[in-house]
Amino acid sequence: MHSKTFSWLDTALSSHFGQRITILKCTYLSGGSIHHAAKVETSVGTFFVKHNTVQHHENFLAEADGLACLRATHTFAVPETLLVGATDHEAFLVLQYVEQGAASSAFWDTFGERLALLHRHSAAQFGYKQHNFIGALPQQNTWHQRWSEFFIEERLRPMLKRARQASLLSSHEVKCVERLFPVLESFFPDEPPALLHGDLWSGNFLVSSEGLPVLFDPAVYFGHREAEIAFMHLFGGFSERLFEVYHAVFPLAPEWRARLEVFNLYPLLVHLNLFGRSYWSAIERTLRRFAP
């Protein structure tokens, strides 16, 4: 991609560094379904740049906050945020470019240990200091004392409302999900809030050149840690060894695997809102099992 495409970035970087920055090469990267992403080589280094229309400025500010939150735990490697900005038409996020490598023999052990340490970071309640985004969708994080209340009011209800307004679910289908709510009141094991990445699927981590796990694209909040473990199982991409090590470091409550489907109602509703009705069948299977 010709560097002229990034004339706005040239100006922003020059202002940030206090010197004239020359963009040498821009290479668009695949994998993102929401924002444009590129490797940008400049006269002062190589950066990872995400950009979209100016309406997405809040998304990038929230992402930068989530990265800072994860970085402050000193658990996982997290790309440094250099710049978040917007022009009249363009919003952008400039991150450290992380060179990818191959997984070491101890990669999944390290991942499991660090995830357990991340989840040891806690808060007084479930939620987060601000609302953020899950993919392109707003994610509510109002504080709640109980996980079941947070899960219902901040996770399931907002996604059901959005799906109903978009005619992706019928009123009957929404009521079918709501029938599960009384069951949830006593369904989850009692645990303190854990700091979660919040959107931890196989596309949101990479192996660094040192063979270590690097996390990005967070949707952080303090939640029930089984919600993170469940999402990691939903689409795969993680070695079973990771979960064995995690469990050894920070044991999960008995029968945790039996609860994964219920936790995954949230990411399934997110995907239904983002990508359409095909995700309803998996939601319906869970409802038949837990709220017949």
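Whatever comes next refers back to the structure up there.
Residues numbered from 1 in each chain as written. Predicted model: local features only at pLDDT ≥ 70, side-chain atom pairs only at ≥ 80, totals over all residues. Heavy atoms only, no water.

Draft legend 1. Expanded view of the pattern of salt bridges. Inspection of every chain in the model, using the stated rule, returns 16 salt bridges. One salt bridge in this structure joins E178 and R157, with 3.7 Å as the shortest N-O distance. On the criterion of sequence distance, the pair formed by E178 in helix α5 (residues 171-178) and R157 in helix α4 (residues 147-165) is long-range, its members being 21 residues apart. The exposure class assigned to R157 is partly exposed, which follows from its relative accessible area of 34%. Here the residues in one salt-bridge network are K50, E63 and D217, joined through shared partners. (Salt bridge = Lys/Arg side-chain N within 4 Å of Asp/Glu carboxyl O. Helix = DSSP H or I, 4+ residues; strand = E, 2+ residues; numbered from the N terminus. Buried < 20%, exposed > 50% of the residue type's maximum accessible area, 1.4 Å probe, protein only.)

Draft legend 2. Here's a closer look at helix α8 (residues 240-249). Those residues of α8 not exposed but buried are L242, F243, V245 and Y246. Angular distribution of buried residues about the axis of α8 spans 165 degrees; they occupy a single face of the element. If you follow the buried residues of α8, they end up packed against α3 (107-119) and α7 (225-234). Regarding α8, its N-cap is S239, as a side-chain oxygen of that residue lies 3.0 Å from the backbone nitrogen of R241 further along. (Arc of directions from axis to C-beta. Contact = heavy atoms within 4.5 Å. Polar contact = N/O pair within 3.5 Å; in protein donor to acceptor, adjacent residues only side chain to side chain.)

Draft legend 3. Quick peek at the side chain of H197. Tracing the chain through its elements places H197 in the loop between β8 (194-196) and β9 (205-207). Given a relative accessible area of 0%, H197 falls into the buried group. If sequence neighbours within four positions are ignored, H197 has contacts with L70, L118, N204, L215, F216, D217, P218, A219, V220 and E228.

Draft legend 4. Representation of the packing of aromatic side chains within the structure. Tallying each qualifying case throughout the model produces 26 aromatic pairs. Measuring from centroid to centroid gives 5.9 Å for W108 and F111, while their planes differ by 20 degrees, and the two rings are stacked. Of this pair, W108 and F111 both sit in helix α3, 3 residues apart, roughly one helical turn. Residues W147 and F151 carry aromatic rings whose centres are separated by 5.4 Å and whose planes lie at 25 degrees to one another, so their mutual orientation is stacked. Residue W147 and its partner F151 are both found in helix α4; the two are separated by 4 residues, about one turn of the helix. Residue classification places W147 among the buried positions, given a relative accessible area of 5%. Three or more aromatic residues joined by ring pairs make a cluster, and in this case those are F126, W147, F150, F151, F187, F188, Y221, F263 and F290. For R155, the ring lying beneath its charged end belongs to Y221, and the centroid distance is 4.2 Å. (Phe/Tyr/Trp six-rings, centres within 6.5 Å; stacked < 30°, edge-to-face > 60°. Lys NZ or Arg CZ within 6 Å of the ring centre and 35° of its normal.)

Draft legend 5. Looking closely at unusual backbone geometry. A positive phi is found at H74, a non-glycine position, where the angle reads about 55 degrees. As for its placement among the helices and strands, H74 is situated in the loop between α2 (57-71) and β4 (81-86). Here H74 falls in the exposed class, since its relative accessible area comes to 72%. For S167, which is not glycine, the phi torsion reads 60 degrees and is therefore positive.

Draft legend 6. Representation of the nonpolar core within the structure. Ranked by internal contacts, the top residues of the largest apolar core, which has 77 residues, are F111, L115, W147, L184 and I283. Residue contributions to this core peak at 8 residues, all from α4. Once residues within four sequence positions are removed from consideration, F111 is found in contact with F76, L200, F205, P213, L215, F238 and L242. Ranked by size, the runner-up nonpolar core spans 14 residues in total, among them A12, C26, A38 and F92. (Core = buried A, V, L, I, M, F, W, Y, C linked by side-chain atoms within 4.5 Å.)

Draft legend 7. Seen up close, the pairing of strand β5 (residues 90-96). The element β5 is extensively covered by neighbouring structure, given that 6 of its 7 residues are classed as buried. Both strand β3 (residues 45-53) and β5 contribute to a ladder of 7 bridges, which runs antiparallel. In the strand pairing of β5, V49 is matched with V94. Both β4 and β5 contribute to a ladder of 5 bridges, which runs antiparallel. Opposite G85, over in β5, you have F92 as the bridge partner. The turn linking β4 back onto β5 is made up of 3 residues. (Pairing = 2+ DSSP bridges.)

Draft legend 8. The arrangement of the sheet that holds β4 in detail. What the 5 strands build is an open sheet, ordered β1-β2-β3-β5-β4; its pairing is antiparallel. Looking along the sheet, the strands with just one partner apiece sit at the ends: β1 (23-28) and β4. On average, each strand axis in the sheet is tilted by 20 degrees relative to the strand beside it, whichever way the strands run. Bridge count for β1 against strand β2 (residues 36-42) is 5 bridges, and the pairing is antiparallel. Bridge pairing links T27 to K39 in β2. Along the sheet, α2 makes contact with β3, β4 and β5, crossing β4 at roughly 160 degrees. (Axes fitted to C-alpha atoms, helices over the stretch in contact; angles between N-to-C directions.)

Honestly, it's all geometry; don't read function into it.
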